[in-house]
Amino acid sequence: MSPAAEVPDFVSWLQRIQACPQGVRWARDCRSILDAGEACPNSEWLLWTVREAGFADPAVGRSFTAACLARVRRLLPDPRQQQALALLESVAAGAGSERDCAEAARLAAEAQADLAMSPEWSASAAAAGAALWHAAAEDPWAASAEVRRHCLRAMAWDPWAVDQDVEDRTLATALKALLRPHGSAIVAAIRERFAANPPKPPKPCGGC
């Protein structure tokens with residue numbers, strides 16, 4: 001089957017797993033499953049789709065959460081938060097350890113608790129701090145959606161940030177770059193899922 005011929009099966013699979021209507025429309029207009037990933041304008045759709053396909057790579061999760069947090073670095077006012085972020089970036093680069101993650105989680109939690117009573121508190125700082133805590137305290141792939149969500153909330157409340165849609169496209173670009181080396185494996189996993197659970201033929205109407 002050609003890549004283009006697979007698109008209807010891909011779209012049917014998305015519908016069966018209850019993808020949002022906007023995401024289904026995006027997939028329907030693409031030339032192949034790989035093209036759908038490259039053309040995806042929304043990092044949430046991309047994360048959700050590959051997760052439904054069974055993809056769960058901690059290294060990709062760590063790098064993506066680090067990319068998200070880099071967008072809100074200026075919204076982390078406590079030095080402990082900056083230290084935690086530096087530790088997580090080191091781990092994402094392959095130079096850190098699980099002990100560094102544990103230390104980052106401790107620093108992020110302490111700073112977030114103190115920030116609530118600080119004059120430096122703001123809605124954007126609180127959301128950025130929540131993103132940092134999720135990135136440090138949980139499995140990076142499992143936490144990636146929460147980190148993304150909190151970072152976009154932080155940027156939405158930041159008067160100096162650019163449009164949120166622009167920020168999300170930036171995150172989508174970062175995620176695509178991280179997923180690209182795994183593209184063939186992800187497509188194969190999606191094929192297995194719609195082959196194992198093909199769409200059922202429509203039931204005939206009562207007059208047929």
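Everything discussed here concerns the structure shown above.
We now turn to the structure provided with this report.

Cut-offs used in this document
Residues numbered from 1 in each chain as written. Predicted model: local features only at pLDDT ≥ 70, side-chain atom pairs only at ≥ 80, totals over all residues. Heavy atoms only, no water. Axes fitted to C-alpha atoms, helices over the stretch in contact; angles between N-to-C directions. Helix = DSSP H or I, 4+ residues; strand = E, 2+ residues; numbered from the N terminus. Parallel < 35°, antiparallel > 145°, perpendicular 65-115°, else oblique. Left-handed = near helix turned anticlockwise from the far one by under 90°. Contact = heavy atoms within 4.5 Å. Nonpolar A, V, L, I, M, F, W, Y, C, P; charged D, E, K, R; others polar. Expected span 1.5 Å × (residues − 1). Buried < 20%, exposed > 50% of the residue type's maximum accessible area, 1.4 Å probe, protein only. Core = buried A, V, L, I, M, F, W, Y, C linked by side-chain atoms within 4.5 Å.

### A closer look at the packing of helix α6 (residues 79-92) against helix α8 (residues 123-137)
Relative orientation of the contacting elements α6 and α8 amounts to 40°, with a least axis distance of 11 Å. Here α6 lies oblique to α8, going by the angle between them. Both α6 and α8 take part in a crossing whose hand is left-handed. For the pair α6 and α8, the contacting residues are Gln81, Ala84, Leu85 and Leu88 in the first and Gly129, Leu132, Ala135 and Ala136 in the second. Among the residues making up the contact of α6 with α8, the classes are represented as 6 nonpolar, 2 polar and no charged.

### Some remarks on α8
Here α8 spans 21 Å end to end across 15 residues, near enough to the 21 Å set by a 1.5 Å rise per residue. With respect to burial, α8 is a largely interior element, 11 of its 15 residues being buried. Here α8 has its buried residues at Ser124, Ala125, Ala127, Ala128, Gly129, Ala130, Ala131, Leu132, His134, Ala135 and Ala136.

### Quick look at the nonpolar core
Phe10 and Leu69 are the most contacted members of the largest nonpolar core, which has 55 residues in total. Looking at which element gives the most residues to this core, the answer is helix α9 (residues 140-156), with 7 residues. Excluding residues within four positions of it along the chain, Leu69 makes contact with Leu85, Leu88, Ala128, Ala131, Leu132, Ala135, Val147 and Cys151.

On their own, these measurements won't tell you what the molecule is for.
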